Every structure is written in C-alpha cells, then in structure tokens.
Amino acid sequence: MTVTEQEIANYVGRVRAALADLPAEVRDELTEDLPEHLAEVAAEADGTLVERLGEPEAYAAELRAAAGAPATAAGRNLDQRVAAAVGRARRQARQLDTQLGPLLGYARASEFLRLLRPAWWVVRGYLAAMLVTVITTGGGFGLLPRFGGELVGGLVMLVALVLASIWLGHRSTRLRRWPRWATHAASVVLVVFALAGLANAEDRAGYQDYGYDPISVQNPYERVRDVFVYDSEGRLVEDARLFDQNGAPIRLGYPDCPDPRDPNGTGNPLLRTYPYCPDQAPFAPRAPAAPAPTVPPLGTPTPEPTGTPEPTGGPTATGTPGPGAAVAPNPTATPSATR
Amino acid sequence: MPIVDTTQLLKGVLDLAVLAVLREEDGYGYDILRRLREAGLEEVGDASVYGTLRRLFAAGLLTTYVVPSESGPHRKYYSLNAAGRDQLTRSGKLWRSFATTMDTLLDDRGMAA
C-alpha cells in the first residue's frame, strides 16, 4: 500500500474544507465514511489519491452534486466560518486564475505559471548558491557566487546547486508530505533572502546617487525654526527679510505662531518676515525704551552716552566709547525707530 | 459540444444503477464502483458513487455493516433493505417505460439502435 494514513487524512481534510459551506450535520454525514472509503480505494490500486481521484476540491464538488447536498448554512461555529472563508478564498483564487489567464494568453494563469516552474528551479539553485556565498564569505558579495571567496569553487557550486534544484523540482510532486513541506519552507527562506539581497543592492545604488549631497544628509539649518536679527545695538530687527547672492529669498524655519497682521492665516506664508514669532526671541527685547527720540539712530554713537559706561570701560573708555561699548548699557539710546 | 453526454445521463440514473448493482450482491464502495465500471458505466466517478451511497443510506434505502479485514482496511458493506428494494422496483419500472419511449421515438425517426 503506497498511500499513507496521513495522506488520507490530508485528502479528507481538504474535501471537508471544500464542503465547509454546508451545514455541519450534512457535511459530517457526507464525509464520515470518507477515510474508510479512501482507505479501500488506496488498497485497491497504486498511485497517490490525487492521481487516482483527482484534486480533493474536484472530488468534493462531485460528491456534493451526487449527494444532492443543499448549499445553505445556518448556525455555524467559528471553525466552519473559517473553513468557509478558506473555501471562498480558494474559489476566488480559482476564479482569478481563469480571469487572469486570457491576459497572459492562456486559459488559466496557473497554466502560465506552471510553465515558469523550471525557470524557478534554476533561480532557486542560484539563490541557494548565493546564500552559501554569503554564509561562507561573511557579508559582502556581488552577483556571482563564491565559495569561501573562491570564484571557481563558487561557479562549480552554482552548477551543482542548479542541477540539484532541477532534480528536486522534478521529484517534488512525488515527495511525501514532510519533505515537500521542507522544500517549500526552504524556498520561502530563499525568496526572503533574495528580497533582502535586492533591498541591499537598491540601498547601495541609492548611496551612490545621493550620498554626497550634504544638505540631505546633515542640514545645519534643519533645526532652525525662526530667525532673529539683531542690529549692532543689540536691538531686535523686526520684519526682516533674508536674500541670497542671487536675490532669491531664503526661507528658514516655519511659522508656528500666527502672524499678528494676518491672524486668519490667509496670506502667503512665504511672504512672512522674520522673526515669525517675536515673542520667542532668545534675547530679551529691549525694555520699552525711555523716550529719546532726539538721539540719532545707528552709526553715530554719541560721545555723551548719558548712561554711565565709563566705569566699566576701563581707563581708555573715557575718550572713545565705541559702538561696542555702548551695546550693553545703552537703554536710553534706543530709538525704537523700527516700531 | 455534445448536448447529452454519458456524464449527464449518469446523473439521472446513478441511483438506479447503484441499487441494481446492490441487488445482485452486497458491496463496499470501491467494489460497487468497479462493478459499475465493469457493467459498462466507465465514466462514473468515485465521488459520485460514494456520494450516491451516502445519500441512499441517508434516505433509508440501504443498510451497512463493517467487515473486518486481516490485510488492509476494514470495509463498510452496503446492502439493500426492503425500502431500497421497493425503490429499485419502482425506479426500474419508470426507467423501462422511459427507455421504451425514447427507443420508440428514436426508431420512429429512423435512428439505428
């Protein structure tokens, strides 16, 4: 007897899954003898159940028709709903299979995919060789396999693994359950490995394209939110605009407080002037200036600064109170002309 | 594409065929399938026979018993009960009259048998 109990259980399971939309009692009644019946069938002749009886889903369809089973369902439990969903998914997959087929020029998409299987076997062999390459050379690799860094050894290994993969592909339909699952699992591992390799290669290409653009890597201004301009007197300049050497406006930061002159935010944000948020100035704005409107603005620091810088300025400061000396202790000089 | 093929005809008469096979002798699923095929119904499928047996059993026309086997699996035998024999008689008559009608129809139209 070449058919195992496991294969029978498997087959029965798939038949039951295909009948999942039937009420539980009907389905149980239809399939309660199926394992024994399939064991009889298996005992009578050689070959797998699928070879003898066709796919379980087709068997289930024929069984459903012959038994005249109704297709309604009521009061089903979770298992059955899951099984029904699986059944629906299978049916939809089959439908998609037939719908997509004509696009590819075949009756079914699966026919086309089946034609690609030998190609997959070759690719699988190559991927296995590359996996060995990565393991034996530890990390860096190109497109050709190497065995412990040796190209010739790698090519020999490539040929051997491709041939082995093709051989395995030819035999896969005859494999028992566990070897077949192992093959599938190994294939999944190889596909994941291939995807990781592709992503890796894509990353490397990306570095070559953009790697030397300093702005994108480390923009020294990316943390700038606002710009505060101070004049030489330490006064905050409001409504300032910045331009580069070509006259193009320099936009830095982003307004995170409403424009006092445009509280609804309907104006063009690109036309806003610095600072966006004068209230957040890092250095306290000058205290409201003592009215000294007669003092001339910038550039002509008065020799009589009315404050008392001299004591702090040292002996030389008395004669030449430069503009710098006037910065700190010069509140009264603030003309507040920009207000 | 044929309007009527054997598969379609089988659908209507598989019950009757299974009952007829079981009248001769009790049988288990695969055995019944083989006898149907030997009798000339080569296109009958395993699932159809199994499903028909389940349905006839559920309808109360068949009884079952299990025969243990020393080599290989136990076998579930099906046999006709009284209701099944009644059904066979009635369906058989219906079929004969139907078949006669069809024969006559085809003969009248000059078709060879």
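Above this text is the structure in question.
So, here is what we can say about the structure in this document. Computed from a predicted structure; not experimentally measured.

Listed per partner, the contact involves 20 residues of chain A and 19 residues of chain B. Both sides together, the interface formed by chain A and chain B hides about 1700 Å², and carbon and sulfur atoms give 55% of it. Taken as a group, D33(A), E40(A) and E44(A) account for 32% of the area that chain A buries against chain B, more than any other trio of residues on that side. Linking chain A with chain B are three salt bridges, by the criterion used here. We note a salt bridge from R54(B) to E32(A), for which the minimum N-O separation is 2.7 Å. Taken together, chain A and chain B are joined by 15 residue pairs in polar contact (both at pLDDT 80 or more). Elements with a contribution of two residues or more to the side of chain A that touches chain B: α2 (24-31), α3 (34-44), α4 (49-53) and α5 (56-67) of chain A. Here the element with the most residues in the side of chain A that touches chain B is α3(A); it accounts for seven residues. Class assignment for the residues of the side of chain A that touches chain B results in 10 nonpolar, three polar and seven charged.

The next subject is the packing of aromatic side chains. Residue and element names in this part refer to chain A. On inspection of all chains with the given rule, the structure shows eight aromatic pairs over all chains. A ring pair is formed by Y230 and F283, whose centres lie 5.5 Å apart and whose planes are at 70°; its orientation type is edge-to-face. Of this pair, Y230 sits in strand β1 (residues 229-230) while F283 sits in the loop between β2 (236-237) and α12 (310-313), and the two are 53 residues apart along the sequence. For F283, a relative accessible area of 58% translates into the label exposed.

The subject of this paragraph is the sheet that holds strand β1 (residues 27-28) of chain B. Residue and element names in this part refer to chain B. The antiparallel open sheet is built from three strands, whose spatial order is β1-β3-β2. Each end of this open sheet is capped by a strand with a single partner; those strands are β1 and β2 (62-67). Note: β1 against strand β3 (residues 75-80), two bridges, orientation antiparallel. Bridge assignment links G27 to a residue of β3, and that residue is Y78.

The subject of this paragraph is the environment of A284(A). All names here are of chain A. In this structure, A284 sits in the loop between β2 and α12. Given the relative accessible area of 65%, A284 is considered exposed. In the structure, A284 is positioned 49 residues away from R235 in sequence and 9.4 Å away in space, judged by C-alpha atoms.

Reading the values: rules and limits
- Residues numbered from 1 in each chain as written.
- Chains lettered and ligands numbered in written order.
- Predicted model: local features only at pLDDT ≥ 70, side-chain atom pairs only at ≥ 80, totals over all residues.
- Heavy atoms only, no water.
- Contact = heavy atoms within 4.5 Å.
- Buried area = accessible area lost by both parts, 1.4 Å probe.
- Salt bridge = Lys/Arg side-chain N within 4 Å of Asp/Glu carboxyl O.
- Polar contact = N/O pair within 3.5 Å; in protein donor to acceptor, adjacent residues only side chain to side chain.
- Helix = DSSP H or I, 4+ residues; strand = E, 2+ residues; numbered from the N terminus.
- Nonpolar A, V, L, I, M, F, W, Y, C, P; charged D, E, K, R; others polar.
- Phe/Tyr/Trp six-rings, centres within 6.5 Å; stacked < 30°, edge-to-face > 60°.
- Buried < 20%, exposed > 50% of the residue type's maximum accessible area, 1.4 Å probe, protein only.
- Pairing = 2+ DSSP bridges.

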